[in-house]
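Single-letter residue listing:
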Amino acid sequence: MNIIDAIKERHSVRHYTAQPIELEKIQRLKQLVIEYNEVSGLHIQLITNEPRSFGESLLARYGKFSGVTNYFAMIGKKSDFLDETIGYYGEKLVLESQMMGLNTCWVGLSYKKISSVLNIANDEKLVCLISVGYGATQGVDHKRKMPYKVSKTDVKSSPQWYKQGIGCALLAPTAINQQKFKFELKPGNKVSVKAGWGPYSKVDLGIVKYHFEIGAGIQNFTWE
Ligand SMILES: Cc1cc2nc3c(=O)[nH]c(=O)nc-3n(C[C@H](O)[C@H](O)[C@H](O)COP(=O)(O)O)c2cc1C
């Protein structure tokens, strides 16, 4: 599966089977976590065989999760850019997991923080989790906004790469499926994207920027 297929096939999955993730896949994911932490300065941790975060707490039941024993804890130094960086690198892990045949779900609220398994320094923050494992299903397609709703530039008359970028951004997961981002194509192939107001909208921003880069091709534009 290539990354575009992963973007198309990914859906949030909240129910997982008891099938353990193979050791090689765990090792590959741990290696990616090390790489991404190095380039981003984040402190992401892959927690395995830990069922308590999605145990019988009220929040977990509210979020309708089951069988979650593995997750990425998305941690980093507190800063104005933390949420966006978490979104960008977290979505890289989501799409890599999808390409390995695993399923995921970003989780901002419906989990319990188990401090004893996490390593969070005083100047760091746990922004959210991403569950990972073998889904009971592959999830379902959700309603998406139309391209004109998320772009100030007329998408129909825009270059092919911009259209493809918007197409991939529209398939990105966002908190409560809010899709509150706005792209604009500026002279000199510069692209800007702004987050709207809403819960986790800066995490969403990082996620959609990564999807846009994949769809548009980073050789075709620069971020403003
Ligand atoms: C930052 C973020 C936080 C999220 N938090 C939760 C959550 O707490 N509980 C939940 O069930 N889903 C959560 N989701 C999943 C979204 O509801 C889901 O991505 C959205 O409805 C679109 O569906 P899709 O991912 O299947 O495309 C979150 C997604 C994002 C990006």
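Because the structure is predicted, anything quoted here is derived from the model rather than measured. (Residues numbered from 1 in each chain as written. Predicted model: local features only at pLDDT ≥ 70, side-chain atom pairs only at ≥ 80, totals over all residues.)

Summing up its helical and strand segments, the protein has 6 helices and 7 strands in all. Against the globule reference of 17 Å for 224 residues, the protein gives a C-alpha radius of gyration of 17 Å, in line with a compact fold. Its C-alpha atoms give the protein principal-axis dimensions of about 50 × 40 × 35 Å. Evaluated residue by residue, the protein yields a buried proportion of 39% over its 224 residues. (Helix = DSSP H or I, 4+ residues; strand = E, 2+ residues; numbered from the N terminus. Rg over C-alpha atoms; globule rule 2.2 N^0.38 Å. Buried ≥ 20, exposed ≤ 12 C-beta atoms within 10 Å, placed from the backbone.)

Moving on to the sheet that holds strand β7 (residues 222–223). Pairing is mixed across the open sheet formed by 3 strands, whose spatial order is β5-β6-β7. Each end of this open sheet is capped by a strand with a single partner; those strands are β5 (181–186) and β7. Across the sheet, helix α6 (residues 201–216) is in contact with β5 and β6 (190–195); its angle to β6 comes to roughly 155°. (Pairing = 2+ DSSP bridges. Contact = placed C-beta atoms within 7 Å. Axes fitted to C-alpha atoms, helices over the stretch in contact; angles between N-to-C directions.)

The subject of this paragraph is the domain arrangement of the protein. For the protein, the assigned domains are domain 1 (3–133) and domain 2 (147–223). Secondary structure elements with two or more residues in the side of domain 1 that touches domain 2: α1 (3–9), α4 (82–99) and β4 (124–133). Among the elements that make up the side of domain 1 that touches domain 2, the one with the highest residue count is α4 (8 residues). Classifying every residue of the side of domain 1 that touches domain 2 by side-chain character gives 8 nonpolar, 4 polar and 5 charged. (Domains from an automatic or database assignment. Nonpolar A, V, L, I, M, F, W, Y, C, P; charged D, E, K, R; others polar.)

Remark: α4 packs on α6, axes separated minimally by 6 Å, with the N-to-C direction vectors making an angle of 45°. For the element pair α4 / α6, the angle class is oblique. α4 and α6 meet at a crossing whose hand is right-handed. Facing D83, E84, T85, I86, G87, Y88, E91 and K92 of α4, the residues of α6 in contact are K202, V203, D204, L205, G206, I207, K209, Y210 and H211. (Parallel < 35°, antiparallel > 145°, perpendicular 65-115°, else oblique. Left-handed = near helix turned anticlockwise from the far one by under 90°.)

Only one face of β5 is covered, namely the face carrying F181, F183 and L185; the face carrying K182, E184 and K186 is uncovered. Bridging between β5 and β6 involves 6 bridges; their strand directions are antiparallel. Following the sheet pairing, L185 is matched in β6 by V191. In this antiparallel pair of consecutive strands, β5 and β6, the connection spans 3 residues, and G188 shows a positive phi of 75°.

As a further point, take the site of the ligand. In the region of the ligand, 22 residues are neighbours, and S12, W106, G108, P173 and N177 sit closest. Those elements giving two or more residues to the shell around the ligand turn out to be β3 (103–107) and α6. Of the residues assigned to the shell around the ligand, the class counts are 11 nonpolar, 9 polar and 2 charged. (Near = placed C-beta within 6 Å.)

Next up on the list: the nonpolar core. In terms of nonpolar packing, the biggest core is built from 55 residues, with I44, F72, M74, L129, I130 and A169 touching the most fellow members. Listed by contribution, the elements that provide at least two residues to this core are β2 (71–77), α4, β3, β4, α5 (160–170), β5, β6 and α6. Residue contributions to this core peak at 8 residues, all from α6. Taken domain by domain, this core gets at least three of its residues from each of domain 1 (3–133) and domain 2 (147–223). Those residues in contact with F72 that sit more than four places away from it in its chain are I44, L46, G90, L93, L129, I130 and V132. (Core = buried A, V, L, I, M, F, W, Y, C linked by C-beta atoms within 7 Å.)

Looking now at the pairing of β4. Regular strands show a simple pattern: their side chains alternate between the two faces of the sheet. Counting buried residues in β4 gives 7 out of 10 residues, a clear majority hidden from the surface. Relative to β4, β2 is paired through 7 bridges, and the arrangement is antiparallel. In the strand pairing of β4, Y71 is matched with S131. Pairing of β3 with β4, which is carried by 5 bridges, proceeds in the antiparallel orientation.

Here the focus is α4. Between the first and last C-alpha of α4 there are 26 Å, a value that for 18 residues agrees with the 26 Å anticipated at 1.5 Å per step. Burial runs high along α4: 14 of the 18 residues are buried. (Expected span 1.5 Å × (residues − 1).)

Turning our eyes to something else, we now look at the packing of α5 against α6. Geometrically, a packed helix pair is captured by the angle between its two axes and the distance between the axes. Direction vectors running N to C along α5 and α6 enclose 140°, while the axes themselves pass 7 Å from each other. For the element pair α5 / α6, the angle class is oblique. Judged by the twist between their axes, the crossing of α5 over α6 is right-handed. Only V208, H211, F212, I214, G215 and A216 of α6 make contact with α5, whose side of the interface consists of W161, Y162, Q164, G165, G167, C168 and A169. By residue class, the composition of the contact of α5 with α6 is 8 nonpolar, 5 polar and no charged.

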